[in-house]
Amino acid sequence: MQTVLATVASVLVAAVALVALVGQAVRGDRTVAAQLAPAAVHDASVDDAYYRCIDVQAHSLVGPGRTVALSTDNLADVVTMIKGFGSWVTVADPSSSAAVVLTLRDGPGGPGTCLGTRVVATTVGPGGVRVVRLGTGAEVPGQGPPPAPPL
Amino acid sequence: MSTPAATVVAILVLAAAGVVPVAVAVGPRWVVVPLAPLGGALLAALAATASLSVGAPLLAWFVGLAAGAAVVAVVHTVRSGPGPWAVARRHRGPWDRHRVAGLVGFVVVVAACAWSLRGLRSPTVGFDARALWVMRPGWFLQSHAQLLVDLRTRGLVLTQSAYPPLVSAATAVAWRVTGVHTARLGVTTVALLNACALAAAALALVECGRSAAARLARPVDGIDEVDPVDGVVDGADRKAPWAPMVVGVVAAGLVVAVAAGVCEPFLTNGYADPIWSLAAVGAAAYGLQSTDDRANRAATVVLVLVAGLSKNEGLVTALALVALVAARSIGVSGIRDDRRRWRVPLGVAAAEVAVLAWWPVAMHVIGARGASSTFTTSNGAGSRMSAVVHGMSPYLHVLVLAVPLSVVGGLVLSAVRRRAGVGNDLWAWLALAVGLLAVGGALVTGTGAIVPWIRSTVHRITEYPILQAWWIVAVWAVVASSGIATGRTAPDPVTERSGRGPTVTGDGADRPSSAPAEVPA
């Protein structure tokens, strides 16, 4: 009797567990497939192009070995700059000693901008003259901000 | 170099760094394949921590640590014997079914992981990935002085840069060896490491089925052929049931698909949540549910360190898992009378805690952003706890299935579970509970606004308990299939008497891993 009970319970437990796993696996597979939906791929491509554009513009403004400070006037812009080129810039400490101060200038989309955003460098030239330069070398047409990826 | 080619090179380099110590410690098992890159990533994390603590470039530390670990592993093997490789040398029987199940299980798991990574065809880089996980690698490749500036200066605002280093360190190694410094390479490298952690956890299910089958195997002619010298039962003369092995393989493949669904989109967008969650599930699988032998302990060490060096939530969970694994190894008999059983588990646990603590201690010592505590006990713990419970509940519906399944299984199939050699289900539930408590505790005692915090993170921070619960369900499927197999035949006197199976001998990577006690001559 005990053997029969154990066998019946085994069949039930195995069936319930496997059916549940199959059901959830199918759901999981749909979740993975959703990453490849055209809209998701398009958003990811735009996001990727935006940050690559920011990166290229920053490279056009910062020479090798030059120390950088990120303007902290706008917290969102600081995060965008970190995401775009935080991995390679030489951050100055203290920030007042930086050779270049980088900031973002947001405006309407147009030539030379990354979805309307442009990287701007401010340096102090000979005689204490402030020099403002705009990033070049890449552009992404359209109006930002880029589509927000999942948090 | 293209991103796919660079990814392959990066994973091969990480695997080359990790394969010797992992293979020596774990033995000839399929799980060495996914554990080797994870071992390399672990070495990269230690290299990043050493580089921060002492100076010298990350890659120099990485190469030095890899060479040192390989030398130590080989010397230890020469001095103390081959360990998990010894069983392979004593091979006498083919155990064809086990070979087939092991090979098929490995192929199924690899194929399921590859299919689950197809999300990589989308060029997604997650928000946190771009802001931290695949941005910070560049810092690890800068000078020591600049690394300190990057981690300290308040102008960079992000406090998460004090998080454990594994994901970023592995990416830094990938960037350095390939010369491709892109966020995309970081994402693809991390995704493959996620797949390795997932494969390691899934292969534990395959091993669970094979181990159960080995323990439930019966002599072909009713009589065991026992070697008079070493008392080992010849595997060739025993017939293992198919059911646990088949269900183990099927469940492993299904768990991969389930886990991919639970972890997406973060499985393929560079976040650190999947790797710590999956590694923690694997650590619980090998450390708390598999046979307590040297090979499984070694796999547990790798996975628990990967979990703890990947993210703060993983660190807390890993520390709890270290304590649970040590407690299981010591066991009731160790507490009662055999104090010698304390030595090895406590030694391993102490070493693991030291490794896990190195990075956060270094963060405090250098005064890194985000290293100071943000915990508080005076900001409405009751309402925060309520928000946490209500926020997490919708994601934990798997518990509605796993709890009753465990209750029924525990009441009716606990004897089968013991005979199959699967660890007590309560250990798995404890592992799930400590993960929930770790994350829930951080949310309740944190200072951030609780509602937006939960809304933006709950789907990621609940990955571990969800995956652990599905793993529990899958193990019950394997145990139940063992019950079906044993229900058709009378209990084997060997396994019935000792509760453990005969020694199983096999060769190479396809041997059953149960390594149960030897049958007395």
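Calculation criteria
Residues numbered from 1 in each chain as written. Chains lettered and ligands numbered in written order. Predicted model: local features only at pLDDT ≥ 70, side-chain atom pairs only at ≥ 80, totals over all residues. Helix = DSSP H or I, 4+ residues; strand = E, 2+ residues; numbered from the N terminus. Buried ≥ 20, exposed ≤ 12 C-beta atoms within 10 Å, placed from the backbone. Axes fitted to C-alpha atoms, helices over the stretch in contact; angles between N-to-C directions. Left-handed = near helix turned anticlockwise from the far one by under 90°. Contact = placed C-beta atoms within 7 Å. Nonpolar A, V, L, I, M, F, W, Y, C, P; charged D, E, K, R; others polar. Pairing = 2+ DSSP bridges. Domains from an automatic or database assignment. pLDDT = per-residue confidence, 0-100. Expected span 1.5 Å × (residues − 1). Arc of directions from axis to C-beta. Core = buried A, V, L, I, M, F, W, Y, C linked by C-beta atoms within 7 Å. Right-handed = clockwise from strand over helix to strand, strands pointing away.

### Focus on the overall build of chain A
Each helix and strand counted, chain A has 3 helices and 5 strands in total. Mapped in sequence order, the helices and strands of chain A form the string α-α-β-α-β-β-β-β. In terms of overall dimensions, chain A has C-alpha extents of about 100 × 35 × 25 Å along its principal axes. Across the 151 residues in chain A, those meeting the buried criterion constitute 36%.

### Some details on the packing of helix α12 (residues 273-289) of chain B against helix α19 (residues 425-445) of chain B
All names here are of chain B. Running from amino to carboxyl end, α12 crosses α19 at an angle of 150°, the nearest separation of the two axes being 9 Å. Every pair of crossing elements has a handedness; the one defined by α12 and α19 is right-handed. Residue-level contacts link Ala280, Ala284, Leu288 and Gln289 of α12 to Trp427, Ala428, Ala431 and Gly435 of α19. Tallied by class, the residues present in the contact of α12 with α19 amount to 6 nonpolar, 2 polar and no charged.

### A word on the sheet that holds strand β1 (residues 67-70) of chain A
All names here are of chain A. If you trace the 5 strands from one edge of the open sheet to the other, you get β2-β1-β3-β4-β5, paired in mixed fashion. Two strands close off the open sheet at either side, each with one partner strand: β2 (90-91) and β5 (130-134). Summarising the sheet, β1 and β2 pair through 2 bridges and their orientation is parallel. Each bridged residue has a counterpart across the sheet, and for Val68 the counterpart in β2 is Val91. Contacts between helix α2 (residues 38-61) and the sheet are confined to β3 (100-106), β4 (117-124) and β5, with β4 contributing the most and set at about 20° to the helix.

### Focus on the domain arrangement of chain A
Looking at the assigned domains, one finds that chain A contains domain 1 (1-34) and domain 2 (45-134). Computed over C-alpha atoms only, the centres of domain 1 of chain A and domain 2 of chain A are separated by 55 Å.

### Digging into the confidence of the model for chain B
Residue and element names in this part refer to chain B. In the predicted model, chain B carries a mean pLDDT of 86, and the fraction of residues at 70 or more is 85%. Overall, residues 492-521 carries pLDDT values under 50, and its contacts beyond four positions in sequence, including any with other chains, amount to 99 contacts. Interface confidence for the predicted complex, given as ipTM, is 0.92, next to a pTM of 0.90.

### Describing helix α5 (residues 96-116) of chain B
With 21 residues, α5 of chain B extends 30 Å from end C-alpha to end C-alpha; this agrees with the ideal 30 Å at 1.5 Å per step. Of all the residues in α5 of chain B, the buried ones are His98, Ala101, Gly102, Gly105, Phe106, Val109, Ala112, Cys113 and Ser116 of chain B. Viewed end-on, α5 of chain B has its buried residues packed into an arc of 140°, placing them on one side of the element. Exposed residues lying more than 90 degrees from the buried face of α5 of chain B are Asp96, Ala111 and Ala114 of chain B. Against the buried residues of α5 of chain B lie α1 (2-34) of chain A together with α10 (183-216) and α11 (242-263) of chain B.

### So, the nonpolar core
The biggest cluster of nonpolar side chains holds 221 residues, and the ones touching the most others in it are Ala17 and Leu21 of chain A together with Val255, Val306, Val473, Ala474 and Ala477 of chain B. Of the residues that make up this core, three or more belong to each of domain 1 (1-34) and domain 2 (45-134) of chain A. Apart from residues lying up to four places away in sequence, Ala477 of chain B is in contact with Ala14, Ala17, Leu18 and Leu21 of chain A together with Val247 and Ala251 of chain B.

### Overview of unusual backbone geometry
For residues besides glycine, phi is generally negative; the peptide bonds are generally trans as well. In this model, Asp93 of chain A is joined to Pro94 of chain A through a cis peptide bond whose omega is 5°. Position of Pro94 of chain A among the secondary structure elements: in the loop between β2 and β3. For the bond running from Glu264 of chain B to Pro265 of chain B, omega is 5°, close enough to zero to count as cis. Structurally, Pro265 of chain B can be placed in the loop between α11 and α12. At Ala56 of chain B, a residue that is not glycine, the phi angle is positive and equals roughly 75°. Along the chain, the position of Ala56 of chain B falls in the loop between α2 (32-54) and α3 (58-80). With 12 C-beta atoms counted inside 10 Å, the residue Ala56 of chain B sits in the exposed group.

### Quick word on the pairing of β1 of chain A
All names here are of chain A. A crossover links β1 with its parallel partner β2, the connecting element being helix α3 (residues 75-85), and its sense is right-handed. Alignment of β1 against β3, held across 3 bridges, turns out to be parallel. Bridge pairing links Ala69 to Val101 in β3.

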